[in-house]
Amino acid sequence: MDKTDKPEYPEAVQKEYSELIKKTEPKTPKTKTMLCAFAVGGLICCVGEAVKDVLDKLFTLTPVQLSAFVTAAMIFLGSLFTALGIYDKLGRKAGAGSIVPITGFANSVASSAIEHNREGVFFGICAQMFTVAGPVIVFGIVLSVAAGLIKMLILK
Amino acid sequence: MFFEYAAEYLKVFLTGGIICLLGQILINHTKVTTARILVLFMLLGGALEILGLYRYIAEFGGAGATVPISGFGSVLVKGAFEAVDEFGLLGVMTGGMTGAAAGFGTAIFFAFIFALIFKAKTKEK
């Protein structure tokens, strides 16, 4: 069927329809989602701070190494809880509270890898892993190159 | 002693919470996808780091500023800055990945391992 075969609805009908959608669309209460995001995001960061305190006691690390270690540990925890199916349950309630922390990045990598694992190792796990992480990595590299150029040419 | 810890964790909680709250406000009003939020916050953190402002947030909020993805953006920029000081033009290319190596390495390795071990759970119910 061609696209031209579709019936053309008059503009008034289309407008009415989009207004109807706006009314009947399920609305998540905004204040509640905001509170959840705030609380969960804050708690995840507190876990990060606790991990930092523990690692600081266990190993002798420079501040840069320590923060890299904390990032790695948080990403490990994020991947683990994703694999156990806990993180996605949390994400349904917490919204941005579970996306914005670095554990959310880990979750996006791990969940798409796990979701597609029955399609095989190469085109399932390895390729699909980057559906969400890909843009982050690409923009991250572009950002860092831009920053490097700014540093070299402008800030010196 | 206890109160020092409590105050520190309160600052972490507030900083991290507010950053996530901003993300949620964005979701509520524009319906952006996960990937876009991650990229946007990373770029914001990176921009603040380039301007030299992110370190003040990190000094106040500790992990509250470094755990959100904006902290990852700031790490990328920091890595680039340091590498440029050390290696010049080559550092422009290598710096970001050096800074973010811990994050990318851990994320990719454990995602691979867990995807081999675990089965997809989301489709079960």
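For the structure, check the block above.
Calculation notes
- Residues numbered from 1 in each chain as written.
- Chains lettered and ligands numbered in written order.
- Predicted model: local features only at pLDDT ≥ 70, side-chain atom pairs only at ≥ 80, totals over all residues.
- Helix = DSSP H or I, 4+ residues; strand = E, 2+ residues; numbered from the N terminus.
- Rg over C-alpha atoms; globule rule 2.2 N^0.38 Å.
- Buried ≥ 20, exposed ≤ 12 C-beta atoms within 10 Å, placed from the backbone.
- Contact = placed C-beta atoms within 7 Å.
- Axes fitted to C-alpha atoms, helices over the stretch in contact; angles between N-to-C directions.
- Parallel < 35°, antiparallel > 145°, perpendicular 65-115°, else oblique.
- Left-handed = near helix turned anticlockwise from the far one by under 90°.
- Nonpolar A, V, L, I, M, F, W, Y, C, P; charged D, E, K, R; others polar.
- Core = buried A, V, L, I, M, F, W, Y, C linked by C-beta atoms within 7 Å.

**Comments concerning the overall build of chain A**
- Within chain A, the regular secondary structure consists of 8 helices and 0 strands.
- What you see in chain A, going N to C, is helices and strands ordered as α-α-α-α-α-α-α-α.
- Rg of the C-alpha trace for chain A: 22 Å, well past the compact-globule value of 15 Å for 156 residues, more than 25% over.
- Burial statistics for chain A: of 156 residues in total, 41% are counted as buried.
- In chain A, the share of contacts with a sequence separation of at least 24, taken over all contacts with a separation of at least 6, comes to 55%.

**Points about the overall build of chain B**
- A tally of regular secondary structure across chain B gives 6 helices and 0 strands.
- Starting at the N terminus and walking to the C terminus, you meet the elements of chain B as α-α-α-α-α-α.
- Once the C-alpha set of chain B is aligned to its principal axes, its extents read approximately 55 × 40 × 40 Å.
- Per-residue burial over chain B gives 51% buried out of 125 residues.
- A fraction of 61% describes how many contacts in chain B between residues 6 or more apart in sequence connect residues 24 or more apart.

**Section: the packing of helix α2 (residues 34–50) of chain B against helix α5 (residues 69–87) of chain B**
Residue and element names in this part refer to chain B.
- Where α2 contacts α5, the two axes come as close as 7 Å, and the packing angle between them is 50°. In terms of axis orientation, α2 runs oblique to α5. The two elements α2 and α5 meet at a crossing, and its hand is right-handed. Counting all contacts with α2, which are made through Leu 38, Phe 41, Met 42, Leu 43, Leu 44, Gly 45, Gly 46, Leu 48, Glu 49 and Ile 50, the residues of α5 involved are Ile 69, Ser 70, Gly 71, Phe 72, Gly 73, Ser 74, Leu 76, Val 77 and Lys 78.
- By residue class, the composition of the contact of α2 with α5 is 11 nonpolar, 6 polar and 2 charged.

**Re the interface of chain B and chain A**
- At the junction of the two partners, chain B supplies 63 residues and chain A supplies 61 residues.
- Residue assignment for the side of chain B that touches chain A shows that the elements contributing at least two residues are α1 (2–30), α2, α4 (63–66), α5 and α6 (89–117) of chain B.
- Its residues assigned to classes, the side of chain B that touches chain A comprises 43 nonpolar, 19 polar and 1 charged.

**Here we look at the packing of helix α6 (residues 102–115) of chain A against α6(B)**
- As a packed pair, α6(A) and α6(B) sit with axes 8 Å apart at the nearest point and diverge in direction by 35°. Remark: the crossing between α6(A) and α6(B) carries right-handed chirality. Residues Ile102(A), Phe105(A), Ala106(A), Val109(A), Ala110(A), Ala113(A) and Ile114(A) of α6(A) form the contact with α6(B), whose participating residues are Gly103(B), Ala107(B), Ile108(B), Phe110(B), Ala111(B), Phe112(B), Phe114(B) and Ala115(B).
- Class assignment of the residues belonging to the contact of α6(A) with α6(B) gives a composition of 14 nonpolar, 1 polar and no charged.

**Digging into the environment of Leu90(A)**
All names here are of chain A.
- One can find Leu 90 in helix α4 (residues 86–94).
- We classify Leu 90 as partly exposed; it has 17 C-beta atoms within 10 Å.
- With 50 residues separating them along the chain, Leu 90 and Val 40 place their C-alpha atoms 8.7 Å apart.
- Ignoring any residue separated from it by four or fewer positions in sequence, one finds Leu 90 in contact with Val 40 and Ser 98.

**Structural notes on the nonpolar core**
- Grouped together as the largest cluster of nonpolar side chains are 68 residues, with contacts concentrated most on Ala37(A), Phe105(A), Val109(A), Ala110(A), Leu38(B), Ala107(B) and Ala111(B).
- Per element, the largest residue contribution to this core is 10 residues, and it comes from helix α2 (residues 30–58) of chain A.
- Apart from residues lying up to four places away in sequence, Leu38(B) is in contact with Ile99(A), Gly104(A), Phe105(A), Ser108(A), Val136(A) and Ile69(B).

**Here's the deal with the environment of Ala39(A)**
- Structurally, Ala39(A) can be placed in helix α2.
- Note on Ala39(A): 17 C-beta atoms within 10 Å, which makes it partly exposed.
- With 55 residues separating them along the chain, Ala39(A) and Ala94(A) place their C-alpha atoms 8.3 Å apart.
- The residues contacting Ala39(A), other than those within four sequence positions of it, are Gly97(A) and Gly17(B).

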